[in-house]
Amino acid sequence: MEKNYSITINDKEYHYLSTLDKSLLSYLREDLNLMGSKNGCGNGQCGACTVIVNGKAKKSCILKMSKLNGSVVQTIEGVATNGKLHPIQVAFINCGAVQCGFCTPGLIMSCKALLDDNLNPTREDINKALGSNICRCTGYNPILEAIDIAAKALRDNVELKLNLDKSGLSEEVIRKDGISKVLGKPIFSEDLPIKNSLYGELVLSKYAHANILSIDTSEAEKIDKVVRVLTYKDLPGENLIGIISKKQPVFAFEKVRFLGDPIALVLAEDKKAAIEASKLVKIEYEELTPIFDMRESENSEIKLFDDGNVLKKLSITKGDIDKGFDQSDVIVEDTITVPPIEHAYLEPDSAYAYYDENNLLTVSTQSQSSFEFREAIAKNLNLEVESVRVITNATGGAFGGREEPTVQVHAALGTYITKKPVHLVMDRYDVLLRTIKRHGEILHYKVGAKSNGKITALKANILADTGAYPSAGEAVILRSVLFSSGPYKIDNAFVEGTAVYTNSVPAGAMRGFGSNQPAIASEILMDELAKKLNMDPFELRRLNALDEGSKTIGGQILTNSVGLKSSLDIVQKMVKSYKKPVIEGKTIGIGIASGMKNVGLGSGMNDSAGVIAEFIDGHLLLKIASVDSGQGSDTVARQIGAKEFGCNLNNVDIIANDTLLTLDSGVTTASRQTYVTGNATILAVDNLKKEIIKQLIENSSCKDSDLFKFANNSLCVNDQCIEFTKLYEIVGHLRGVGKFSSLKTVPLQSKTDNLDNLSDEFRLHFAYDFGTQAAVVAINNESGKVEVLKVFAAHDVGKQINRLGVKGQIEGGILMGIGYALTEEFIINEKGLVTNSIKKIGVPTIKDATEIEFEVIENYAQEGPYGAKGIGEITMVPTTPAVINAIYDALGIRINNLPAKPNKILTELKKLNIKEKK
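Along each chain, numbering runs from 1 in the same order as the chain's sequence is written. Local features in a predicted model are, by the rule used here, given only for residues with pLDDT of at least 70; side-chain atom pairs are given and counted only at 80 or more, and totals for whole chains, interfaces and linings are based on all residues. Only hydrogens and water are removed before side-chain values are computed, so all heavy atoms of the structure are retained for them.

### Observations regarding the overall build of the chain
Helix and strand assignments come from DSSP, with helices taken as H or I runs of at least 4 residues and strands as E runs of at least 2, each series counted from the N terminus. For the chain, the count of helices and strands is 23 helices and 33 strands. We compute the radius of gyration over the C-alpha atoms and compare it with the globule rule, which gives 2.2 Å times the number of residues raised to the power 0.38. Its C-alpha radius of gyration of 28 Å places the chain within 12% of the 29 Å reference for a compact globule of 918 residues. Along the three orthogonal principal directions, the C-alpha set of the chain runs to about 85 × 80 × 60 Å. Each residue's exposure class comes from its accessible area (1.4 Å probe, protein chains only) as a fraction of the maximum for that residue type: buried when under 20%, exposed when over 50%, partly exposed otherwise. Looking at the chain as a whole, 63% of its 918 residues qualify as buried. Roughly 35,000 Å² of accessible area belongs to the chain as shown, and the carbon and sulfur atoms make up 46% of that amount. Residue-level accessible areas treat just the shown protein chains as cover; the underlying method is Shrake-Rupley with a 1.4 Å probe.

Okay, structure coming up:
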């Protein structure tokens, strides 16, 4: 007699038998269509799939249904009751603990399980309960705040309400999409309907470097339920992708250059058949010697491309470098090595392709630009751009890693060939193996200064590993060179930069885009210079700080919004008022660092955006194409729209990132969207208001447009006001279009002999961000483990649009910078992927969250909306060197090869002890 298996989920009983081998996560998503629990890793390390089983938080991806008979399960869909959010859900929204939202359901379930059992949790209790729930966006501090607020509300039996009343600029405005995210609504690409879809499985290279001799798909095609197996022969357009230089194939066919190169795509009626068939695709290789060390690549006899192993080599000269060193009283010199790291966004890459009701080939996916993806798909499939539609869904984190296609072209090809919907989802291993990384770099620096601290010369050589294909490597090495001096005035400089190919995973854009690596080197050298001069590190930086009227090392004169000195003053004041703790068995150190980062693409690129504003049903509808991957750009657009239209924030709706419905706003990168889309929103709403007034003037006796005022959800003329709902009945559905282009920039000319010779009008970027941070570390004297106790920060944002959003970017960026300093690295070698899991790449957890004290500097930026600039990237630039400098302050050792793991600290301490004994 068969056993009767049953399980109760969200108070409803289910009977099951045929799904015993499934995980609970698969059962929830595939059988019950409960999509709130997310599949971030598949091995219980990220926590996105967390549910409550028999009163305990459990990772549903590693629980087998065969072991759950009689269990009681609660998922995120069962937390809110009778349409009322749970206090932890309300607190998450109010505290800004929701950004991209992919990790949110799992975090809420872990928090709820904790509070169900303990309404007075200590930090140790919280760390234990949420220790394996990863959040890459927030830095965890708002999650800690939310737990504290929700626990108090539950203890006191007080109802928490959403802070919906804040709607002005600079307010802590909550995210409208936060409500759907705390409810676990199915909004991500993997959650999209897949009924009657084909499942796609890519066949990847088995070697990091090899010639492909033959590809045989015949055995795979015999598998039941397999519909097609596609290779390069089936691609009707160009077999290349890339955001700057196009050398990466959609399908490898002659040669593979890294382990993630896709060779074939299996399309089957179910996942099991697709995976089985993918193992039967026979590929004959001629294995070649791979190169994994960037130092060997440039002059190696092994050529990864016909034109060699150098993607880009460039240099800049400013002033007279020899004269500068001759004037120096003190010279410091060092080599700094920083590793590649993984973006670690929690939502794995996926795409859902189908033909829509207009017969447009449509791809729903995550990205940083729907329009960029549309153009790529059209070229690869040899289609007119207008016949392709790309919809960017809620994107579960990006940080630069979503700028270029991963599976989107393959999914589109599958639908184009078969005319059927195709769903393609990468697992976590493939995300680690195939998606772009931050460039690993080796930076050799030599800096000279006078005895008073004035820097006279900088000579630097920067080597970057761009991996197997170019990606954004050319632009990244250019930024590394241009930001090599940090935010300082240096009259004499010579900087060389070289980006080389290796057989590692391609490296491209990541938060900071080439400015982080030189910031680490320049700030370590500034620290060494201060020690050698016996000079206060704040004073050294202040003496050399860029200011309005200063010329950057890249030859641009800064004309406005340069808040570096203010940030130094603020952080110095914070540090002076801080009492350094005494902790038994640990040594305390404080380190500081400053940084700068460009806003916008610059370098002559098209920094523009378009927005459509519509008046419909008495509401303002904004159609925008800036991608909100958690940073809150949709909320900023709503705030700007509400201010300009004179309406409540709740009366502003958004349609975003659909190429059929919106105008191109360019890629969401370079901290540019507040600036460009913010300005386009102002223009669009202004044009909509003009259309409304035009309609009224034509049908009324009032002919003076200046008398019409939009405010308080009404249009007023001579003290007579019409509410927007009534106004809509009069004027009907109207729209305004806003198109904004930033200040003109120009590319750095490769033939420029000396950047001192550039004209005063030369502009590489239309704006820059500046900031300073100080890190307090405690180092265990026995183990060498570093704990960051606190970070002080001050950042120039131009104008703060949303306080809660700015806070989230500062806290999230700082923790990412701490991870870069202490734990994170990406390792791949001849044996394969070494850092092959979330845990192994060293992403910080809630145990690593630290106290952060910050101050925002409002320093009007020319042409920015209300004077605003970006904030997303600069926030992690100073953090890493500040932590490294704090380690030196504590122990007197310099960690020049990141990350500063305990074994490296103990090794350097041992060397120091031996040196001191001698």
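### Quick notes on the packing of aromatic side chains
Pairing of aromatic side chains here covers Phe, Tyr and the six-membered ring of Trp, requires ring centres within 6.5 Å, and sorts the geometry by plane angle: under 30 degrees stacked, over 60 edge-to-face, intermediate tilted. Throughout the structure, instances matching the rule amount to 19 aromatic pairs. Between tyrosine 207 and tyrosine 285, the aromatic rings sit 4.9 Å apart at their centres with planes inclined by 75°, giving edge-to-face as the arrangement. Separated by 78 residues along the polypeptide, tyrosine 207 in the loop between β6 (198-204) and β7 (210-216) and tyrosine 285 in strand β11 (residues 282-287) bring together distant segments of the chain. Residue classification places tyrosine 207 among the partly exposed positions, given a relative accessible area of 29%. Judged by its relative accessible area of 16%, tyrosine 285 is buried. Feature note: the residues Phe615, Phe645, Phe710, Phe724 and Tyr728 constitute an aromatic cluster, connected by ring pairs. Geometrically, a charge over a ring is one whose NZ (Lys) or CZ (Arg) sits within 6 Å of the ring centre while staying within 35 degrees of the ring normal. Stacked on the ring of phenylalanine 305, the Lys or Arg arginine 257 has its end atom at 4.0 Å from the ring centre. Over the face of the ring belonging to phenylalanine 325 we find lysine 446, whose NZ or CZ atom lies 4.6 Å from the ring centre.

### Remarks on the layout of surface pockets
Approximately 1,200 Å³ is the volume found for the second largest pocket. Lining the second largest pocket are 50 residues, with Ile243, Ile244, Ala475, Leu601 and Met605 positioned closest to its centre. Breaking the lining of the second largest pocket down by element, the ones donating at least two residues are β12 (310-318), α11 (370-381), α14 (473-482) and β21 (586-599). Residue polarity follows a fixed list, in which Ala, Val, Leu, Ile, Met, Phe, Trp, Tyr, Cys and Pro are nonpolar, Asp, Glu, Lys and Arg are charged, and the others, Gly among them, are polar. Looking at the lining of the second largest pocket residue by residue, the class counts come to 20 nonpolar, 15 polar and 15 charged. Think of a 1 Å grid over the protein atoms and nothing else: a 1.4 Å probe that fits but is trapped marks a cavity, an open set flanked by protein within 12 Å on at least five of seven lines marks a pocket, and residues with an atom within 4 Å of a point count as lining. Grid points are joined across faces, edges and corners, and a volume is the space filled by probe spheres set on the points.

### Some remarks on the state of the cysteines
In this description, a disulfide is simply a cysteine sulfur pair whose atoms lie within 2.5 Å. All told, the structure shown has 1 disulfide when counted by the stated rule. The disulfide that involves cysteine 716 links it to cysteine 721, with 2.0 Å between the sulfurs. Across the S-S bond of cysteine 716 and cysteine 721 the torsion is about 105°, and the bridge reads as right-handed. Relative accessible area serves as the criterion here: at 48%, cysteine 721 is assigned to the partly exposed category. For cysteine 111, which is in no disulfide, the shortest distance to another cysteine sulfur is to cysteine 103 and amounts to 10 Å. Its sulfur unpaired, cysteine 137 is 3.9 Å from the next cysteine sulfur, which belongs to cysteine 100. The buried category is assigned to cysteine 137, whose relative accessible area is 6%.

### Digging into the nonpolar core
Within the largest apolar cluster, 202 residues are counted, with the highest numbers of intra-cluster contacts made by Phe92, Ile143, Leu458, Leu529, Leu822, Val883 and Ile887. For this core, the element with the highest residue contribution is helix α21 (residues 803-822), accounting for 10 residues. Setting aside its immediate chain neighbours within four residues, valine 883 contacts Ala775, Val777, Val788, Ile818, Ala821 and Leu822. Only buried residues count toward a nonpolar core, which is a set of Ala, Val, Leu, Ile, Met, Phe, Trp, Tyr and Cys residues joined through side-chain atoms within 4.5 Å. One finds Ala609, Cys702, Leu715 and Leu743 within the second-largest nonpolar core, a separate group that totals 38 residues. Contact criterion: two residues are considered in contact whenever any of their non-hydrogen atoms come within 4.5 Å of each other.

### Examining the sheet that holds strand β18 (residues 440-449)
Only strands that DSSP links by at least two bridges are regarded as paired with each other. Strand order in the open sheet formed by 5 strands is β12-β20-β19-β18-β13, and the pairing between neighbours is mixed. Two strands close off the open sheet at either side, each with one partner strand: β12 and β13 (330-338). Each adjacent strand pair in this sheet contributes to an overall mean axis angle of 5°, direction not counted. Two strands pair when backbone bridges link them, and strand β19 (residues 455-467) and strand β20 (residues 493-501) are joined in this way by 9 bridges, in the parallel orientation. Within β20, the position partnered with isoleucine 462 by the bridge is glycine 497. The angle between two axes is taken between their N-to-C directions and runs from 0 to 180 degrees, where each axis is a line fitted to C-alpha atoms and a helix contributes only its stretch in contact. Packed on one face of the sheet, α14 meets β12, β18, β19 and β20 and runs near 25° to β12. On the sheet, helix α15 (residues 516-533) packs against β13, β18 and β19 and is oriented at approximately 145° with respect to β13.

### Describing the packing of α11 against helix α12 (residues 408-418)
Two elements in contact, α11 and α12, have axes whose closest approach is 10 Å; the angle formed by their N-to-C orientations is 50°. Judged by the angle between their axes, α11 and α12 are oblique. As α11 runs across α12, the sense of the crossing is right-handed. Along its contact with α11, which presents Phe373, Ile377, Asn380 and Leu381, the element α12 presents Gln408, Val409, Ala412, Leu413 and Tyr416. Broken down by class, the residue content of the contact of α11 with α12 amounts to 7 nonpolar, 2 polar and no charged. Orientation categories follow fixed angle ranges, with anything under 35 degrees roughly parallel, anything over 145 roughly antiparallel, 65 to 115 roughly perpendicular, and all other angles oblique. It is the rotation of the near helix from the far one that decides the hand of a crossing: anticlockwise by less than a right angle makes it left-handed, clockwise makes it right-handed.

### Structural notes on the pattern of salt bridges
The term salt bridge refers to a side-chain nitrogen of Lys or Arg lying within 4 Å of a carboxyl oxygen of Asp or Glu. Taken as a whole and assessed by the stated rule, the structure comprises 47 salt bridges. In this structure, aspartate 191 and arginine 29 form a salt bridge, with 2.6 Å as the shortest nitrogen-oxygen distance. On the criterion of sequence distance, the pair formed by aspartate 191 in the loop between α6 (178-182) and β6 and arginine 29 in helix α1 (residues 24-31) is long-range, its members being 162 residues apart. According to the relative accessible area criterion, arginine 29 is buried, its value standing at 9%. A cluster of three or more residues bridged by salt bridges with shared partners is formed by Arg175, Asp177, Lys181 and Asp628.

### Regarding the pairing of strand β24 (residues 652-656)
Note: strand β23 (residues 619-624) against β24, 5 bridges, orientation parallel. By the bridge assignment, isoleucine 624 is partnered in β24 with alanine 656. The path from the first strand over the helix to the second decides the hand: if it runs clockwise while the strands point away from the viewer, the crossover is right-handed. As a crossover connection, the stretch from β23 through helix α18 (residues 633-645) into β24 is right-handed.

### A closer look at unusual backbone geometry
For the bond from leucine 898 to proline 899, the omega torsion is 0°, close enough to zero to count as cis. Although it is not a glycine, alanine 344 sits at a positive phi angle of roughly 60°. Positionally, alanine 344 belongs in the loop between β13 and β14 (350-355). Positive phi, normally seen in glycine, also occurs at phenylalanine 513, with a value near 45°.

### Overview of helix α17 (residues 564-576)
Taking 1.5 Å as the rise per residue, α17 with 13 residues should run 18 Å; its terminal C-alpha atoms sit 18 Å apart, in good agreement. Taken together, the buried positions of α17 are occupied by Leu564, Ser567, Leu568, Ile570, Val571, Gln572, Met574 and Val575. As for α17, its buried residues are in contact with α16 (537-544), β21, β29 (767-780), β30 (786-796) and β33 (851-857). Under the convention used throughout, the expected extent of a helix is 1.5 Å for every residue step, that is, one less than its residue count.

### Considerations on the sheet that holds β21
Ordered by their spatial adjacency, 4 strands build an open sheet running β21-β29-β30-β33, and the pairing between neighbours is mixed. Whereas interior strands pair on both sides, the edge strands pair on one side only; in this sheet they are β21 and β33. For this sheet the average axis-to-axis angle between neighbouring strands, irrespective of direction, equals 15°. Bridge count between β30 and β33: 7 bridges; the pairing is parallel. Residue pairing in the sheet places aspartate 796 in a bridge with isoleucine 857 of β33. Where α17 meets the sheet, it contacts β21, β29, β30 and β33, and its direction lies at approximately 25° from that of β29.

### Let's talk about the environment of threonine 772
Structurally, threonine 772 can be placed in strand β29. For threonine 772, a relative accessible area of 0% puts it in the buried group. A distance of 2.7 Å separates a polar atom in the side chain of threonine 772 from a polar atom in the side chain of serine 567. Here a polar contact is taken to be a pair of N or O atoms separated by no more than 3.5 Å, where protein atoms must pair a possible hydrogen donor with a possible acceptor and residues adjacent in sequence count only if both atoms sit in side chains. Of note is the side chain of threonine 772, whose polar atom sits 2.8 Å from the side chain of serine 594.

### Describing the side chain of threonine 217
Relative to the helices and strands, threonine 217 resides in the loop between β7 and α7 (218-221). Among residues more than four places away in sequence, those in contact with threonine 217 are Val229, Thr231 and Val281.

### Details of empty space enclosed by the protein
Applying the stated criterion to the full structure yields 10 cavities of 30 Å³ or more. Space inside the largest cavity adds up to approximately 770 Å³. The wall of the largest cavity is formed by 47 residues, among which Gln631, Gly632, Gln809, Ile871 and Gly872 lie closest to the centre. The set of elements that each furnish at least two residues to the lining of the largest cavity consists of α18, α19 (673-698) and α21. A per-element tally of the lining of the largest cavity places α21 first, with 5 residues. Taken as a whole, the second largest cavity holds about 160 Å³ of empty space. Tallied by class, residues from the lining of the second largest cavity come to 9 nonpolar, 6 polar and 2 charged.

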